[in-house]
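# Overview (structure and organization)
Take a look at the letters that make up each chain.
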Amino acid sequence: MSYLAKNYNRKKLSFKFGKGSYLYSTNNIKYLDFVQGIAVNSLGHSHPKLVKTIKHQSKKLWHVSNAFQIPEGEKLAKKLCQKTFANYVIFQNSGTEATEAAIKVARRYFYSIGKPNKNRILCIKNSFHGRTLAAIFASGSKKMTEGFGPKVTGFDHFNFGDHNSLKKKINKNTAAIMVETIMGEGGIKVIPDWCLKELRTLCNKKKILLILDEVQCGIGRSGDFFAFEKSKVKPDIVPIAKGIGGGFPIGAVLMNKKVASGMIPGTHGSTFGGNPLAMSVGNTVMDIISNKKFLNNVKSLSKYFLIKLNKIQKKYPNIIKQVRGKGLLIGIQLYKDQTEFIKKLIDNRLLTIRAAENVVRILPPLNVKKNEIDLAIKIIERVCLHIK
Ligand SMILES: *Cc1c(COP(=O)(O)O)cnc(C)c1O
């Protein structure tokens, strides 16, 4: 029996070790891992540079309190700000902490300018911002919030793509709109660039803040460092996590100078956030992923993968409804529930993961090789051929 609580319906599959795009199970089967810890292992398993960094830093210093200067964190914050819209960074340990911190930064900003009632956050219904109390009520999903009342108030919702409802829901107490630039758990739904631009214009007009949750789609996953980059939109606040640690838990909230003005000493903190061990790993990941050549390669791999997947879709139009996504955040939407499809992929040694709306979510490492994509394509095609 297992002494772990049953909050997960785990597959009977465990692993001994991983290398790059592959995982080796305890019963000696080699799997192509296109889950990568749900977009966490952005550079695959046991990347030599990350192994080296962690070995080196673990001999020097793991943890000190944020009461002291942490040069490794200063360095990573500087890189994040120089590469993006941001002026300041607060480090956390996970995605949900990062989105909560984003909410806190938004509220605190309006408080600091004498508008404490401007504190409501407008989110997409059935989005995903993490699993803490505030984050589940921000997501507005019945499944996630059921049994966890009393309700955390302060969140309003509109449906994805419903611009009229979005505009109607903004009132004098709205502080910010918070959306995922690409909905991950919600079924790989991309907010188009023109829409991001309209969101920014709307926020400017209403004098509210724009929070873009890039916990899943950020850090190179979309082919740009941030998924909103090509739209030229500048958000006010951006929570990140998953990919930035390459497998080591790191979260962060990035913000512009205006909103950072509310975060005076004592307003927020974290015991573990920004520790030297995490920050050294983050620096190495950042150096590799923020490189233009690396990101261009993600774009071209994505193009290659999407063309091949769309060919399969055309061949099996009764099974696959749509192939969608951006960069290496890809969803195959089926007509039917995806459980059996995912199981058959596993039987054929390809690991993928579900998302809402019957989507099979595909998250290769960002340094995946072309022949590994070819292998995945072969397996997906085989499953399409054999599934009923
Ligand atoms: C995964 C995710 C989170 C939560 O991250 P955790 O590290 O699991 O707390 C928040 N927002 C988005 C968009 C995510 O994909």
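Residues numbered from 1 in each chain as written. Predicted model: local features only at pLDDT ≥ 70, side-chain atom pairs only at ≥ 80, totals over all residues. Heavy atoms only, no water.

### Side note on the overall build of the chain
What counts is decided by this rule: Under the DSSP-based scheme used, a helix requires at least four consecutive residues in state H or I and a strand at least two consecutive residues in state E, with every element numbered from the N terminus. As a reference, a globule follows 2.2 Å times the number of residues to the power 0.38, and the radius of gyration itself is taken over C-alpha atoms. With a 1.4 Å probe rolled over the protein chains alone, any residue whose accessible area is under 20% of its type maximum counts as buried; one over 50% counts as exposed, and the rest are partly exposed. Any two residues whose heavy atoms approach within 4.5 Å are treated as being in contact. Per-residue accessibility takes into account occlusion by the displayed protein chains alone, with areas from the Shrake-Rupley method and a 1.4 Å probe. Here Asp and Glu are counted as negative and Lys and Arg as positive; His is not counted, and neither are the chain ends. Every charge is mapped onto a representative atom, which is NZ of Lys, CZ of Arg, CG of Asp or CD of Glu.
Of the regular secondary structure elements, the chain holds 13 helices and 17 strands. Rg of the C-alpha trace for the chain: 21 Å, near the compact-globule value of 21 Å for 388 residues, within the 12% margin. Overall, the chain is about 65 × 55 × 50 Å in size when its C-alpha atoms are taken along their principal axes. Looking at the chain as a whole, 55% of its 388 residues qualify as buried. In the chain, once contacts between residues fewer than 6 apart in sequence are set aside, the share between residues at least 24 apart is 71%. Summing over all exposed atoms, the chain offers an accessible surface of approximately 18900 Å²; the carbon and sulfur share of this is 55%. Between the mean site of the 66 positive side-chain charges and the mean site of the 25 negative ones, the chain shows a separation of 2 Å.

### Some words on the packing of helix α3 (residues 71-83) against helix α10 (residues 276-289)
In plain terms, the rule: To get an axis, a line is fitted to the C-alpha atoms, and for a helix only the part in contact is used. The angle between two axes follows their N-to-C directions and goes from 0 to 180 degrees. In a left-handed crossing the near helix is turned counterclockwise from the far helix by less than a right angle, and in a right-handed crossing that turn is clockwise.
Packing of α3 against α10 leaves a shortest axis separation of 8 Å and a crossing angle of 35°. Where α3 crosses over α10, the handedness of that crossing is left-handed. On α10, the residues that touch E72, G73, K75, L76, K79, L80 and K83 of α3 are P276, M279, S280, G282, N283, M286 and D287.

### Considering the domain arrangement of the chain
The following threshold applies: The domain boundaries here were taken from an automatic or database domain assignment. As a working definition, buried area equals the accessible area (1.4 Å probe) given up by two parts on being put together, with both sides summed. Salt bridges are defined by distance alone: a side-chain nitrogen of Lys or Arg within 4 Å of a carboxyl oxygen of Asp or Glu.
Looking at the assigned domains, one finds that the chain contains domain 1 (15-39 + 292-386) and domain 2 (50-289). Between the C-alpha centres of domain 1 and domain 2 there is a distance of 27 Å. Taken together, the contact pairs 23 residues of domain 1 with 23 residues of domain 2. Between domain 1 and domain 2, roughly 2000 Å² of surface is buried when both sides are summed, and carbon and sulfur atoms account for 58% of that area. Broken down residue by residue, the surface that domain 1 buries against domain 2 is led by A39, K326 and L329, which jointly contribute 33%. Counting every contact that joins domain 1 to domain 2 gives three salt bridges.

### Observations regarding the site of the ligand
In plain terms, the rule: Here, proximity means that at least one heavy atom of the residue falls within 4 Å of the molecule or strand. Counting of polar contacts relies on pairs of N or O atoms within 3.5 Å, with two restrictions inside protein: one atom must be capable of donating a hydrogen and the other of accepting it, and residues adjacent in sequence are counted only when both atoms are side-chain atoms. Charged means Asp, Glu, Lys or Arg here, nonpolar means Ala, Val, Leu, Ile, Met, Phe, Trp, Tyr, Cys or Pro, and polar covers whatever is left, Gly included.
By nearness alone, every residue bordering the ligand is listed as S94, G95, T96, F128, H129, G130, E180, D213, V215, Q216 and K242. At 3.3 Å from a nitrogen atom of the ligand is found a main-chain nitrogen or oxygen belonging to F128. The contact in question runs from an oxygen atom of the ligand to an N or O atom on the side chain of Q216, over 2.8 Å. Bound to the protein, the ligand loses 83% of the 380 Å² it would expose on its own. Class assignment of the residues belonging to the shell around the ligand gives a composition of two nonpolar, six polar and three charged.

### Some remarks on the sheet that holds strand β3 (residues 30-33)
To keep it simple, the criterion reads: One bridge is not enough; two strands pair if DSSP finds at least two bridges between them.
In spatial order, the strands read β1-β2-β3-β15; together these four strands make up an open sheet with mixed pairing. Both edges of this open sheet fall to β1 (15-19) and β15 (350-351), since each of them pairs with a single strand only. Taken together, the three bridges between strand β2 (residues 22-25) and β3 define a ladder with antiparallel strand orientation. Looking at β3, one finds that Y24 is bridged to K30.

### Some thoughts on helix α11 (residues 292-315)
Test applied: Expected helix span is given by 1.5 Å per residue-to-residue step, counting one fewer step than there are residues.
Over its 24 residues, α11 runs 35 Å from end to end, which matches the ideal 34 Å to within 8%, given 1.5 Å per residue. When we look at burial in α11, the residues that qualify are F294, L295, V298, L301, S302, F305, L306, L309, I312 and Q313. The N-cap of α11, judged by a side-chain oxygen 2.7 Å from the amide nitrogen of K293 a few residues on, is N291.

### A closer look at the pattern of salt bridges
Here the structure, examined in full by the defined rule, presents 13 salt bridges. A salt bridge links R200 to D236; the shortest N-O distance between them is 3.0 Å. Taken together, the residues span a long stretch of sequence, with R200 in helix α8 (residues 193-206) and D236 in the loop between β10 (209-213) and β11 (237-240) at a distance of 36 residues. By relative accessible area, which is 4% here, D236 ends up buried. One salt bridge in this structure joins K315 and E381, with 2.7 Å as the shortest N-O distance. Placement of the pair is K315 in helix α11 and E381 in helix α13 (residues 370-386), with a sequence separation of 66 residues. A cluster of three or more residues bridged by salt bridges with shared partners is formed by K189, R324 and E357.

### Here's the deal with the nonpolar core
Selection rule: As used here, the term nonpolar core means buried Ala, Val, Leu, Ile, Met, Phe, Trp, Tyr and Cys residues forming a set that is joined through side-chain atoms within 4.5 Å.
Core analysis: the largest hydrophobic core is formed by 86 residues, its most contacted members being L80, I177, L254, F305, F341 and I380. With eight residues, the single largest contributor to this core is α11. Of the residues that make up this core, three or more belong to each of domain 1 (15-39 + 292-386) and domain 2 (50-289). Once residues within four sequence positions are removed from consideration, I380 is found in contact with L309, I312, I332, F341, L345, L350 and I362. Listed in part, the 27 residues of the second largest apolar core include C123, A134, A176 and M255.

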